[in-house]
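Structural characterization, general
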Amino acid sequence: MNTKEIRIDDYDYPLPQERIARYPVAERDASRLLLYRHGTAGEDVFRNLPRYVPEGALMVFNNTRVVRARLHFRKETGAAIEIFILEPAEPAEYQENFAQRGRCVWLCLVGNLKKWKEGALRMQLKVEGRDVVMTASRCGSLGTSERIVFEWDGDFTFSEMLAAAGELPIPPYLNRATEVGDLTTYQTVYGRVEGSVAAPTAGLHFTPGVLEALTERGVEREEVTLHVGAGTFRPVKSAVIGGHDMHTEHIAVHRHTIEALLRHGGEAIAVGTTSVRTLESLYYMGILAGRGAEDLHVPQWMPYEVTESRTEEEALTALLGYLDRQQCDVLQSSTQIIIAPGYRFHFVKAMITNFHQPRSTLLLLVSAFLNGRWREVYDYALSHDFRFLSYGDSSLLVP
């Protein structure tokens, strides 16, 4: 199969508006769980997920947290300008940028940009009871993004400024404004590393009770960090996948997670497509590390073009060697990996995920994982009244 020639029209399905969950269920783990294992579909309630996870298995979670990425400024003329932060530019490392005091630079999307020709935007707000002024200035463009310099007075971090001034960006297809409840329900209970502009939604169903039940079954839990960017929702506009450019995603994986993968023979259950992309990128980063490369960025088409033959254990061992050479315990790199039919999975043996939009790269990933049988899952979900997208129900997929 030539993956680049896959037609996006073949990954469409009818999704009525009423099937899109605009709000979560009252209790996270009361959502429904579609079980698709070895070609057979069934269902249960999510809180019973631990029954279907093998004892002693390794599960990998994405511990990113959604930031209040949407900032509303007004010009002196009254024109509303929305700035949506996407990716840190100065400093370029997420946690370092969030810790900045007084100034930082981000790549942003700007709404109503034509009304903002020049000059700085100004916002007055209260931070911890004190009056603070924050300004935003343009300093160049990069593709469809603008470089925005944020400056503010007072000894506050940028993270604290966002918490006071920003709005949590719920998905546009919910067709509603962000509400107070979203500040809690649109975060996973284990999320702790700020940086995403969208939630890793497969994790929204987990509760402390479900996590404890997994521990009681001897399930080992590891965390990776992939900050979900707005590019995740970018529609495929080309007729074939070869014409679609994947966005870059930044990941962080601790040494002990790589060691855990080795202990488990390179096999893991991934919670969400972000964890899938992170885990599968590790294999190709291992190939690059084995070549002696210093930059482990995974290009979009590398999985379909690489000629080396390495075992999963060899790739993981090469990554540990890379960390030794770098004298660090956290692998920080980036990936543009596209997982579509024709891809061979290396580490992910089962996946927990929600139901994705038609004609999306996430649907291509699910199809690749199920050897093309994605329609069986989605036909079952549609005919059995499952709820779709970010606040919708979940599935456990085992090829």
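The coordinates are above.
What this report covers is the structure whose coordinates are included nearby. (Residues numbered from 1 in each chain as written. Predicted model: local features only at pLDDT ≥ 70, side-chain atom pairs only at ≥ 80, totals over all residues. Heavy atoms only, no water.)

Observations concerning the pattern of salt bridges
Where charged atoms from two side chains of opposite charge come close, those side chains can pair. Counted according to the given criterion, the structure contains 24 salt bridges. Arg47 is paired through a salt bridge with Asp29; the nearest N and O atoms lie 3.0 Å apart. Remark: Asp29 occurs in the segment before strand S1 (32-37) and Arg47 occurs in the loop between strand S2 (40-45) and strand S3 (58-62); sequence separation between them is 18 residues. Measuring nitrogen to oxygen at the nearest pair gives 3.6 Å for the salt bridge that ties Arg101 to Asp155. In this pair, Arg101 is assigned in the loop between helix H1 (94-98) and strand S7 (103-111) and Asp155 in the loop between strand S10 (145-152) and helix H2 (158-165), connecting sequence segments 54 residues apart. Overlapping salt bridges, with partners in common, bring together Arg7, Asp9, Asp10 and Arg359 in one network. (Salt bridge = Lys/Arg side-chain N within 4 Å of Asp/Glu carboxyl O. Helix = DSSP H or I, 4+ residues; strand = E, 2+ residues; numbered from the N terminus.)

Observations regarding unusual backbone geometry
The peptide bond linking Glu90 to Pro91 adopts the cis configuration, its omega dihedral lying at -10°. Assignment of secondary structure puts Pro91 in the loop between strand S6 (80-90) and H1. One non-glycine residue with positive phi stands out, namely Asn175, at about 55°. Mapped onto the elements, Asn175 comes out in the loop between H2 and helix H3 (182-185). Among the residues examined, Asn175 registers a relative accessible area of 53% and is labelled exposed. Phi angles above zero are rare outside glycine, and Asp385 is one such case at about 60°. (Buried < 20%, exposed > 50% of the residue type's maximum accessible area, 1.4 Å probe, protein only.)

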